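An overview of the molecular structure
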Amino acid sequence: VSLNLIMLGAPGAGKGTQAERIARERGIPKISTGDILREAVAAGTELGRRVKATMEQGQLVSDELMIAIVRDRLAREDARRGFVLDGFPRTVAQALSLDEIMRGRDPLIVADLAVAEADLVRRLANRLVCGSCGTNAVVDAAGNAPKSCQQCGGPLVQRKDDNEAVVRERLQVYQRQTKPLLDFYRSRPTFREVDGAQSPERVAADLSAAVDSALKQITSTQGAGR
Ligand code: ADP
Ligand code: ZN
């Protein structure tokens, strides 16, 4: 079975970090729609010019555009044997399209990273990312961040949409447009919730176990159907 994983969770829940990690562990691509859009903005492409203002305001890019991007990306050869999607779907319309895109492929595994709202605001307001490669800076227990990126040595900066006003807007957008996805997916046998308030190592261990149990669930039902 392919690991076709989608990561749900509010902004700041740690989706990006965990998606990166599990994709590396399982040898499948991590597909982050936020990264794809930020790269387009940085490169000044047509797509980047279209989405820049929307992103800086913390609003969602249109479903039509996002669905086209993901459809193309999932059709690429490296995604045939599995993928980790981070940041998509973010609306019920996107989720419906994703089901269509997935027809004929192994079922989706849906992991929700649950974190309390107060923690999210704090995490996002304190978050620093590398201006060169986008990796999140690791802040120590005392709240101190290193001076430069531990991956590439690039400068650490605050993401444009991590300032307090935009953070609040993004959390509202999440409540209104993305949280309904939990009800959309919750009844599926491959839905798993992971406690995102723990240390990154513990979250990773729980996520890995959740994914294995969902994969087992898929193999057992596929086996029964034959
Ligand atoms: P977050 O840290 O809020 O999870 P991301 O890096 O996933 O942020 O996305 C950053 C921004 O890119 C979003 O606020 C939104 O404007 C846009 N974006 C990313 N993915 C999607 C999507 N699936 N649908 C609509 N807009 C998206
Ligand atoms: Zn870097």
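Our subject is the structure listed above.
This section reports on the structure supplied with the text. (Residues numbered from 1 in each chain as written. Chains lettered and ligands numbered in written order. Predicted model: local features only at pLDDT ≥ 70, side-chain atom pairs only at ≥ 80, totals over all residues. Heavy atoms only, no water.)

1. Re the coordination of the zinc ion (ligand 2)
Here the zinc ion (ligand 2) is held by Cys-130 (SG), Cys-133 (SG), Cys-149 (SG) and Cys-152 (SG), and the distances to it run 2.3 to 2.4 Å. On the primary sequence, the residues serving as donors to the zinc ion (ligand 2) are separated as C-x2-C-x15-C-x2-C. Judged by its relative accessible area of 3%, Cys-130 is buried. Taking relative accessible area as the criterion, Cys-133 reaches 40% and is therefore assigned partly exposed. (Donors = N, O, S within 2.8 Å, 3.2 Å for Na, K, Ca; no water. Buried < 20%, exposed > 50% of the residue type's maximum accessible area, 1.4 Å probe, protein only.)

2. What to know about helix 7 (residues 164-178)
The terminal C-alpha atoms of helix 7 lie 20 Å apart, and with 15 residues this matches the ideal 21 Å at 1.5 Å per residue to within 8%. Every buried residue of helix 7 is listed here: Val-166, Val-167, Arg-170, Leu-171, Val-173, Tyr-174 and Thr-178. For helix 7, the angular spread of buried residues about the axis comes to 160°, placing them on one side. Turning to helix 7, the residues buried within the fold contact helix 3 (46-56), helix 6 (117-126) and helix 8 (180-185). (Helix = DSSP H or I, 4+ residues; strand = E, 2+ residues; numbered from the N terminus. Expected span 1.5 Å × (residues − 1). Arc of directions from axis to C-beta. Contact = heavy atoms within 4.5 Å.)

3. Observations concerning the packing of helix 6 against helix 7
Helix 7 packs onto helix 6 with a crossing angle of 140° between their chain directions and a minimal axis gap of 10 Å. As far as their axial angle goes, helix 7 and helix 6 are oblique. Pair helix 6 / helix 7 crosses with right-handed handedness. Contacts between helix 6 and helix 7 involve Glu-117, Leu-120, Val-121 and Leu-124 from the first element and Val-167, Arg-170, Leu-171 and Gln-175 from the second. Tallied by class, residues from the contact of helix 6 with helix 7 come to five nonpolar, one polar and two charged. (Axes fitted to C-alpha atoms, helices over the stretch in contact; angles between N-to-C directions. Parallel < 35°, antiparallel > 145°, perpendicular 65-115°, else oblique. Left-handed = near helix turned anticlockwise from the far one by under 90°. Nonpolar A, V, L, I, M, F, W, Y, C, P; charged D, E, K, R; others polar.)

4. Some thoughts on the site of ligand 1
Close to ligand 1 lie 19 residues, the nearest being Thr-33, Arg-38, Gln-59, Gly-87 and Arg-170. Within the side chain of Arg-127, one N or O atom sits 3.4 Å away from an oxygen atom of ligand 1. Calculation on ligand 1 without its partners gives an accessible area of 550 Å², and the protein chains cover 96% of this total. By residue number, the principal contributor to the shell around ligand 1 is helix 2 (residues 33-43), which donates four residues. A class-by-class count of the residues in the shell around ligand 1 yields seven nonpolar, five polar and seven charged. (Near = heavy atom within 4 Å. Polar contact = N/O pair within 3.5 Å; in protein donor to acceptor, adjacent residues only side chain to side chain. Areas by Shrake-Rupley, 256 points an atom, 1.4 Å probe, with all protein chains shown as cover.)

5. Considerations on the nonpolar core
Formed by 54 residues in total, the largest nonpolar core has its most connected members in Leu-5, Leu-98 and Tyr-185. Sorting elements by how many residues they give to this core places helix 9 (residues 200-225) first, with seven residues. Filtering out sequence-adjacent residues up to four positions away, Leu-5 remains in contact with Ile-22, Phe-83, Val-84, Leu-85, Ile-109, Ala-111 and Val-211. (Core = buried A, V, L, I, M, F, W, Y, C linked by side-chain atoms within 4.5 Å.)

6. What to know about the side chain of Thr-91
Assignment of secondary structure puts Thr-91 in the loop between strand 3 (82-86) and helix 5 (92-101). Engagement of the side chain of Thr-91 in a polar contact is seen with the backbone nitrogen of Gln-94, the distance being 3.1 Å. When neighbours within four sequence positions are excluded, Thr-91 is seen to be in contact with Leu-60, Asp-63, Gln-177 and Leu-181.

7. What about unusual backbone geometry?
Omega for the peptide link from Phe-88 to Pro-89 comes to 0°, which places this bond in the cis form. Secondary-structure assignment places Pro-89 in the loop between strand 3 and helix 5.

8. Description of the pattern of salt bridges
This model, assessed by the stated rule, comprises 16 salt bridges. Note that Arg-122 and Asp-119 form a salt bridge whose closest N and O atoms lie 2.9 Å from each other. Of this pair, Arg-122 and Asp-119 are both found in helix 6, three residues apart, which corresponds to roughly one turn of the helix. A salt bridge links Arg-127 to Asp-162; the shortest N-O distance between them is 2.8 Å. (Salt bridge = Lys/Arg side-chain N within 4 Å of Asp/Glu carboxyl O.)

9. Description of the environment of Arg-192
By the element assignment, Arg-192 lies in strand 7 (residues 191-195). Distance in space between the C-alpha atoms of Arg-192 and Ala-53 is 34 Å, their sequence separation being 139 residues. Residues contacting Arg-192, with those up to four places away along its chain left out, are Val-110, Ala-111, Asp-112, Ala-210, Ser-213, Ala-214 and Gln-217.

Spatial relationships are all this shows, so hold off on functional conclusions.
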